[in-house]
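This is what each chain is made of:
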Amino acid sequence: MKNLVSGVDMPLVSIIIPTRHRIALLNRALQSVDAQAYDAIQVVIVDNSSDEPIRSADIYTRYSCLIVRTDSMLSASRARHFGVQNARGELICFLDDDDVYKENKIRDEVDYLLEHPKVEFVYGQTVHVGPDGSTIAVSRGDPEVTSFLRWRYVHLNSLMVRRSVYEQELFNLKMTTFEDVDFVGRLIRRGHGAYIPDVHAVWNRDGRPDQLTRRNWRRSYENWKILCTEFRAEIMRDRGLIVFYHKKMLILSLIFFDFRQILKSAFLLSKNCLWWRS
């Protein structure tokens with residue numbers, strides 16, 4: 001099978017979709033996959049221990065579809081990784097079950113990677129849509145690690161990564177939130193990514209009570225600390241990042257009486273003389 005633009009064999013793209021008892025939303029996400037102008041796609045649905053196991057009869061997609069069920073409910077990072085472990089594609093994409101792709105996402109990103117064999121990952125823009133359907137924001141920006149760590153403008157839905165690169169970086173399976181920032185930040189730090197200035201995904205920010213990621217202060221504290229450690233070198237080179245990461249780290253450390261971290265973050269903030277003005 002040939003790619004219409006590049007005239008070469010089309011690589012298989014595996015789209016990893018974790019879900020948990022949200023069939024209606026899952027089928028909406030799958031409709032956006034079915035609208036893709038690209039044929040070599042494998043859909044991997046990770047049934048993250050839904051109350052009722054997802055069956056092939058519950059969903060519809062025109063593509064090859066594999067449903068894999070976890071033995072227990074996993075974190076987002078572990079659920080996505082479980083999906084990749086069961087995928088066959090040489091290119092990997094992710095899609096949250098409550099979000100959608102734009103029709104050109106897969107084709108544009110595959111074509112870019114075929115034309116630029118040294119590029120390890122590529123992403124487009126993500127539109128943030130509110131409960132009333134209005135556009136809240138558009139995430140966009142070049143693959144530069146300092147800017148990304150500050151503004152976090154690469155959504156996983158907009159990303160395509162070579163499997164060989166994913167296997168070198170992986171998700172941090174210990175993280176239960178902010179794992180996307182950690183993963184994309186490490187990819188960008190490698191220095192071989194590319195940005196396509198076109199909308200590729202929609203993030204539905206409608207605040208439903210069944211959203212899989214819920215606020216948990218303990219989890220925020222533990223995972224924000226991991227981010228501060230992983231990207232310490234990048235943070236320490238930029239005053240804006242010091243303020244952004246350690247102001248939040250100080251607040252979370254105060255909540256959980258982490259006195260060593262309180263002293264560390266307070267020292268960094270006072271040394272940079274910016275924290276009370278930002």
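The structure we're discussing is the one just above.
Here's what I pulled together on the structure shown here.

Cut-offs and rules
- Residues numbered from 1 in each chain as written.
- Predicted model: local features only at pLDDT ≥ 70, side-chain atom pairs only at ≥ 80, totals over all residues.
- Heavy atoms only, no water.
- Salt bridge = Lys/Arg side-chain N within 4 Å of Asp/Glu carboxyl O.
- Helix = DSSP H or I, 4+ residues; strand = E, 2+ residues; numbered from the N terminus.
- Buried < 20%, exposed > 50% of the residue type's maximum accessible area, 1.4 Å probe, protein only.
- Pairing = 2+ DSSP bridges.
- Expected span 1.5 Å × (residues − 1).
- Contact = heavy atoms within 4.5 Å.
- Lys, Arg positive; Asp, Glu negative; His and termini not counted.
- Polar contact = N/O pair within 3.5 Å; in protein donor to acceptor, adjacent residues only side chain to side chain.
- Phe/Tyr/Trp six-rings, centres within 6.5 Å; stacked < 30°, edge-to-face > 60°.
- Lys NZ or Arg CZ within 6 Å of the ring centre and 35° of its normal.
- Patch = residues over 30% accessible without salt bridge, like charges linked within 9 Å, V, L, I, M, F, W, Y side chains within 5 Å.
- Areas by Shrake-Rupley, 256 points an atom, 1.4 Å probe, with all protein chains shown as cover.

## Examining the pattern of salt bridges
Side-chain pairs of opposite charge can arise where the charged atoms are in close proximity.
Here is step 1: Counting across every chain of the model gives 18 salt bridges.
Here is step 2: Where D96 meets R80, a salt bridge forms, and the shortest distance between an N and an O atom there is 3.3 Å. Of the two residues, D96 is situated in the loop between β4 (91-94) and β5 (100-101) and R80 in helix α2 (residues 76-85); the sequence distance between them amounts to 16 residues.
Here is step 3: According to the relative accessible area criterion, R80 is buried, its value standing at 8%.
Here is step 4: E234 serves as the salt-bridge partner of R189, at 3.5 Å between the closest nitrogen and oxygen.

## Considerations on the pairing of strand β7 (residues 135-139)
Here is step 1: Relative to β7, strand β6 (residues 121-129) runs antiparallel, the two sharing four bridges. Paired with H128 across the bridge in β7 is A137.
Here is step 2: Counted along the chain from β6 to the antiparallel partner β7, the turn is five residues long, and its residue G133 has a positive phi close to 85°.

## Description of the environment of L263
Here is step 1: Here L263 shows up in helix α10 (residues 259-272).
Here is step 2: Distance in space between the C-alpha atoms of L263 and S253 is 9.5 Å, their sequence separation being ten residues.

## Re unusual backbone geometry
Here is step 1: One non-glycine residue with positive phi stands out, namely R152, at about 50°.
Here is step 2: In this structure, R152 sits in the loop between α4 (145-151) and β8 (159-162).
Here is step 3: The backbone of F257 sits at a positive phi, close to 55°, despite the residue not being glycine.
Here is step 4: Within the fold, F257 resides in the loop between α9 (239-255) and α10.

## Remarks on helix α1 (residues 23-34)
Here is step 1: Taking 1.5 Å of rise per residue, the twelve residues of α1 would be expected to cover 16 Å, and the 16 Å separating its terminal C-alpha atoms lies within 8% of that figure.
Here is step 2: Listed in full, the buried residues belonging to α1 are L25, L26, N27, A29, L30, S32, V33 and D34.
Here is step 3: Taken together, the buried residues of α1 touch β1 (13-19), β2 (41-47) and β5.

## What to know about helix α6 (residues 179-190)
Here is step 1: Between its first and last C-alpha, α6 extends 17 Å over twelve residues, near the 16 Å set by a 1.5 Å rise per residue.
Here is step 2: Across the twelve residues that make up α6, a large majority, nine, are buried.
Here is step 3: What α6 keeps buried is the set E179, V181, D182, F183, V184, G185, R186, L187 and I188.
Here is step 4: Backbone geometry just after α6 places G191 at a positive phi near 90°.

## So, the side chain of R20
Here is step 1: Topologically, R20 is positioned in the loop between β1 and α1.
Here is step 2: For the buried R20, no salt bridge is present, and the opposite-charge side chain at shortest range is D51, 4.2 Å distant.
Here is step 3: A polar contact of 3.0 Å, which involves the side chain of R20, links it to the backbone oxygen of N48.

## Describing the packing of aromatic side chains
Here is step 1: If you walk through the whole model with that rule in mind, you get 15 aromatic pairs.
Here is step 2: Pairwise contacts between aromatic rings join F94, Y166, F171 and F183 into one cluster.
Here is step 3: Lying over the aromatic face of W151, R150 brings its terminal NZ or CZ to 4.4 Å of the ring centre.
Here is step 4: Between the NZ or CZ atom of K248 and the centre of the ring of W224, over which it lies, the distance is 4.2 Å.

## Side note on a nonpolar patch on the surface
Here is step 1: A cluster of nonpolar side chains, W217, I251 and I255, forms an exposed patch at the surface whose accessible area comes to about 300 Å².
Here is step 2: Structurally, W217 can be placed in helix α7 (residues 217-230).

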